[in-house]
Amino acid sequence: MTSKKAVSFHRRGGDHAVITCLSSVHEALRDDMHVLRLAPSVHSVRVALRQLLLTAEGQAQEDAQIALGLIEVDSEEGLLREAAALGGTLAAFRGGTHLLVTTRGPLADATGGFSCLPMLSRLTVTSQVVRVGFGLGRSAAEAESLARRALARARRIGDVAAVLSLRADTDIVLESVGATPAGEQNLSVIARRVGLSVPTLEKLLEAREAAGGEPLTTREIAERLAVQQRTARRMLHRLELAGLAERTGNLTSGTSGRPLTLYRLTL
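Residues numbered from 1 in each chain as written. Predicted model: local features only at pLDDT ≥ 70, side-chain atom pairs only at ≥ 80, totals over all residues. Heavy atoms only, no water.

## Observations concerning the overall build of the protein
Line of reasoning, step 1. In terms of helices and strands, the protein carries 11 helices and 11 strands.
Line of reasoning, step 2. Here the protein has a C-alpha radius of gyration of 23 Å; the compact-globule value for 267 residues is 18 Å, and the former is much larger.
Line of reasoning, step 3. Taking the principal axes of its C-alpha atoms as reference, the protein extends roughly 75 × 40 × 40 Å.
Line of reasoning, step 4. Burial statistics for the protein: of 267 residues in total, 38% are counted as buried.
Line of reasoning, step 5. Put simply, 51% of the contacts in the protein that link residues at least 6 apart link residues at least 24 apart.
Line of reasoning, step 6. Of the roughly 14,900 Å² of accessible surface on the protein, 52% is carried by carbon and sulfur atoms.
Line of reasoning, step 7. On the protein, the mean spot of the 33 positive side-chain charges and the mean spot of the 28 negative ones are 5 Å from each other. (Helix = DSSP H or I, 4+ residues; strand = E, 2+ residues; numbered from the N terminus. Rg over C-alpha atoms; globule rule 2.2 N^0.38 Å. Buried < 20%, exposed > 50% of the residue type's maximum accessible area, 1.4 Å probe, protein only. Contact = heavy atoms within 4.5 Å. Areas by Shrake-Rupley, 256 points an atom, 1.4 Å probe, with all protein chains shown as cover. Lys, Arg positive; Asp, Glu negative; His and termini not counted. Charge placed at Lys NZ, Arg CZ, Asp CG, Glu CD.)

As structure tokens, this is what we get:
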């Protein structure tokens with residue numbers, strides 16, 4: 001919401017008091033209405049900056065995660081160019097497979113946030129078989145193990161397929177082209193991408209509609225799907241990586257447990 005829209009909103013309401021955090025809104029309305037401006041305290045600014053620093057450091061560490069790709073193709077033409085586009089290096093692997101080494105950051109950028117892999121369609125120009133398995137891990141050994149799992153799943157899918165495997169048994173099928181708007185996607189396609197069943201996705205859609213599009217906590221999702229909270233967190237993590245859910249904050253659970261994460265479902 002822009003400050004202009006906020007001013008228009010308050011002026012439509014007639015004669016009433018206004019509370020705003022925006023100095024521009026305060027200045028625009030102060031001569032016409034009774035306006036109170038909320039200013040952040042020094043303590044809240046420090047807390048926000050500390051949280052921002054922790055988030056930035058965490059993102060930097062995530063972006064530096066090792067990403068290994070195992071690639072099977074009929075022809076090597078174009079492979080070096082694709083590896084360079086991912087900011088990585090290419091080497092021969094066992095059994096004619098190629099090893100692509102990069103990091104999480106460039107891979108996330110090239111795949112549109114782990115949703116599609118355009119290099120698939122480009123490589124099919126010269127190869128009938130293009131299978132790619134990516135693994136993201138905190139060590140080279142972990143990333144290689146996950147890449148092997150991803151490649152095995154890509155082989156089961158077909159001659160042209162790409163899969164990204166992460167920790168916690170999370171596999172994401174990467175489409176060859178950018179995804180269409182979420183509302184236009186077929187549920188079976190989404191189910192294949194994120195590794196969830198169509199009935200589960202339908203229940204998530206029902207939960208979203210029941211909430212009127214408002215964010216839901218992991219506990220609410222778990223209750224609506226009749227699953228444990230850790231299962232709900234795993235489902236939402238998969239949807240988030242596929243761009244079908246977004247975190248909007250945390251809600252204190254009122255107990256000694258971890259805060260409940262709020263998610264807005266966009267599938």
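Structure's up, so let's keep going.
## Quick notes on the sheet that holds strand 9 (residues 216-217)
Line of reasoning, step 1. The antiparallel open sheet is built from three strands, whose spatial order is 9-11-10. A strand with exactly one partner marks an edge of an open sheet, and here the two such strands are strand 9 and strand 10 (245-251). (Pairing = 2+ DSSP bridges.)

## A closer look at the packing of helix 9 (residues 198-210) against helix 10 (residues 218-225)
Packed helices, taken two at a time, are described by the angle between their axes plus the distance between the axes.
Line of reasoning, step 1. The N-to-C vectors of helix 9 and helix 10 enclose an angle of 125°; their axes lie 10 Å apart at closest approach. Overall, the two elements helix 9 and helix 10 adopt an arrangement that is oblique. Along this stretch, helix 9 crosses helix 10, giving a crossing that reads as right-handed. Contact residues: helix 9 offers Thr200, Lys203, Leu204, Ala207 and Ala210, while helix 10 offers Ile221, Arg224 and Leu225.
Line of reasoning, step 2. Split into classes, the residues belonging to the contact of helix 9 with helix 10 amount to five nonpolar, one polar and two charged. (Axes fitted to C-alpha atoms, helices over the stretch in contact; angles between N-to-C directions. Parallel < 35°, antiparallel > 145°, perpendicular 65-115°, else oblique. Left-handed = near helix turned anticlockwise from the far one by under 90°. Nonpolar A, V, L, I, M, F, W, Y, C, P; charged D, E, K, R; others polar.)

## A closer look at the packing of helix 10 against helix 11 (residues 229-241)
Line of reasoning, step 1. Put simply, helix 10 and helix 11 touch, their axes get as near as 8 Å, and they point 105° apart. Regarding the angle of helix 10 to helix 11, the classification is roughly perpendicular. Contact with helix 10, carried on its side by Thr218, Arg219, Ile221, Ala222 and Leu225, involves Gln229, Ala232, Arg233, Met235 and Leu236 of helix 11 and no other residues of that element.
Line of reasoning, step 2. Partitioning the contact of helix 10 with helix 11 into residue classes produces six nonpolar, two polar and two charged.

## What to know about the confidence of the model for the protein
The predicted structure's coordinates, where accompanied by low pLDDT, should not be read in detail.
Line of reasoning, step 1. With 91% of its residues at a pLDDT of at least 70, the protein reaches an overall mean of 84.
Line of reasoning, step 2. When mean pLDDT is taken per element in the protein, strand 3 (residues 66-73) scores highest with 93 and helix 8 (residues 187-194) scores lowest with 72.
Line of reasoning, step 3. Taken as a whole, residues 179-184 scores under 50 in pLDDT and shows six contacts with residues more than four places along the chain or in a different chain. (pLDDT = per-residue confidence, 0-100.)

## Describing the environment of aspartate 169
Line of reasoning, step 1. Looking at where aspartate 169 falls in the secondary structure, it is placed in the loop between strand 7 (160-166) and strand 8 (170-173).
Line of reasoning, step 2. On the basis of relative accessibility, which here comes to 57%, the residue aspartate 169 falls in the exposed class.
Line of reasoning, step 3. Separated by 65 residues in the primary sequence, aspartate 169 and arginine 234 have C-alpha atoms spaced 9.0 Å apart.
Line of reasoning, step 4. With sequence-adjacent residues up to four places away left out, aspartate 169 is seen in contact with Arg149 and Arg238.

## With respect to the nonpolar core
Line of reasoning, step 1. If you look at the biggest cluster of nonpolar residues, it comprises 24 residues, and the most contacted ones within it are Leu117, Val132, Phe134 and Leu164.
Line of reasoning, step 2. Listing elements by their share of this core, those giving two or more residues are strand 3, helix 4 (79-85), helix 5 (104-110), helix 6 (119-123), strand 6 (130-137) and strand 7.
Line of reasoning, step 3. By residue number, the principal contributor to this core is strand 6, which donates four residues.
Line of reasoning, step 4. Here valine 132 is in contact with Leu70, Ile71, Leu117, Leu120, Leu151, Ala154, Ala161, Ala162 and Val163, once residues within four sequence places are set aside.
Line of reasoning, step 5. Membership of the second largest hydrophobic core comes to 21 residues, among which are Ile190, Val194, Leu244 and Leu267. (Core = buried A, V, L, I, M, F, W, Y, C linked by side-chain atoms within 4.5 Å.)

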